[in-house]
Amino acid sequence: METKKQNYTLPIIVMIFLFGMISFVTNLASPMGDILKYQFNVPNWMGTLGVFANFIAYAIMGYPAGNMLQKYGYKKTALIAIAVGFTGVGIQTLSGSVESFGVYLLGAFIAGFSMCLLNTVVNPMLNTLGGGGKKGNQLIQFGGSLNSISATIVPILVGYLMGNAANATISDAAPALWIAMGIFAVVFFVLAAVRIPEPFAI
């Protein structure tokens, strides 16, 4: 009876937002590459290092992410991923103030760890919150739609913020990074406060 009465609407909304955040933060690296290229006067290949750092983190974190999900369950793994994501994006934002290319790459690398963790936990967690079956799949598809929308919004938003790329700096794109950090912060506290089913946690 208790399970039937449990309402998972809020954690479902949170997971769908996180689905969008995976794409938002991952795709930030591409338009930010143009800013890095001009702000730090580096060649094109170095401007893409933010994307590279992000996906190297994916490669490193893939196996450990699965182990964390098995050991800690959905909620703890998601909270760790969100905290890591907030830290990574925060470091990227800070790189604009300290004007350090290396600091930006460090932030992109840390953010990549978060995105890998979120990719590991969000799909199965949404499916479980939806009760599996058709409803679970529908929630995953809806989350995937938001993921695609985020991928479209990011270059438009960053392009609008930086204006003329040749004169743009990381600080110009900071509002996009603040949006990501703000969503991470809200989602962290909401997720920490709600109960969710934990089929893996001991």
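Everything here concerns the structure above.
About the criteria used
Residues numbered from 1 in each chain as written. Predicted model: local features only at pLDDT ≥ 70, side-chain atom pairs only at ≥ 80, totals over all residues. Heavy atoms only, no water. Helix = DSSP H or I, 4+ residues; strand = E, 2+ residues; numbered from the N terminus. Buried < 20%, exposed > 50% of the residue type's maximum accessible area, 1.4 Å probe, protein only. Contact = heavy atoms within 4.5 Å. Lys, Arg positive; Asp, Glu negative; His and termini not counted. Charge placed at Lys NZ, Arg CZ, Asp CG, Glu CD. Salt bridge = Lys/Arg side-chain N within 4 Å of Asp/Glu carboxyl O. Axes fitted to C-alpha atoms, helices over the stretch in contact; angles between N-to-C directions. Parallel < 35°, antiparallel > 145°, perpendicular 65-115°, else oblique. Left-handed = near helix turned anticlockwise from the far one by under 90°. Nonpolar A, V, L, I, M, F, W, Y, C, P; charged D, E, K, R; others polar.

Engineer: Residue-level account of the overall build of the chain, with values.
Structural biologist: Regarding its fold elements, the chain presents 7 helices and 0 strands. Going from N to C terminus, the chain has its helices and strands arranged as α-α-α-α-α-α-α. Considering only C-alpha atoms, the chain reaches an extent of 60 × 30 × 25 Å along its principal axes. Expressed as a percentage of the 202 residues in the chain, the buried residues total 46%. A separation of at least 24 residues holds for 83% of the contacts in the chain among residues at least 6 apart in sequence. Placing the 9 positive and 5 negative side-chain charges of the chain at their respective mean positions leaves the two points 21 Å apart.

Engineer: Please give an account of the environment of Ile60 that cites residues and values.
Structural biologist: Its location among the elements puts Ile60 in helix 4 (residues 49-98). Judged by relative accessible area, which is 48%, Ile60 ranks as partly exposed. Apart from residues lying up to four places away in sequence, Ile60 is in contact with Phe109 and Phe113.

Engineer: Can you explain the pattern of salt bridges? Please cite residues and give values.
Structural biologist: All chains considered together, the criterion is met by 1 salt bridge. Of the charged contacts, one joins Lys37 and Asp34 as a salt bridge, the two residues approaching to 3.7 Å between their closest N and O atoms. On the criterion of helical spacing, the pair formed by Lys37 and Asp34 is a turn pair, its members being 3 residues apart in helix 2 (residues 9-39).

Engineer: Give me the side chain of Thr77: which residues, what numbers.
Structural biologist: Relative to the assigned elements, Thr77 resides in helix 4. Given a relative accessible area of 0%, Thr77 falls into the buried group. When neighbours within four sequence positions are excluded, Thr77 is seen to be in contact with Met68, Leu69, Tyr72, Leu117 and Val121.

Engineer: Hey, could you go over the packing of helix 2 against helix 5 (residues 101-129) for me, with residue numbers and the actual values?
Structural biologist: At their nearest, the axes of helix 2 and helix 5 sit 9 Å apart, and the two run at 155° to each other. Between helix 2 and helix 5, the angle falls in the class roughly antiparallel. In this structure, helix 2 meets helix 5 at a crossing whose hand is left-handed. When its residues are assigned to classes, the contact of helix 2 with helix 5 shows 21 nonpolar, 3 polar and no charged.

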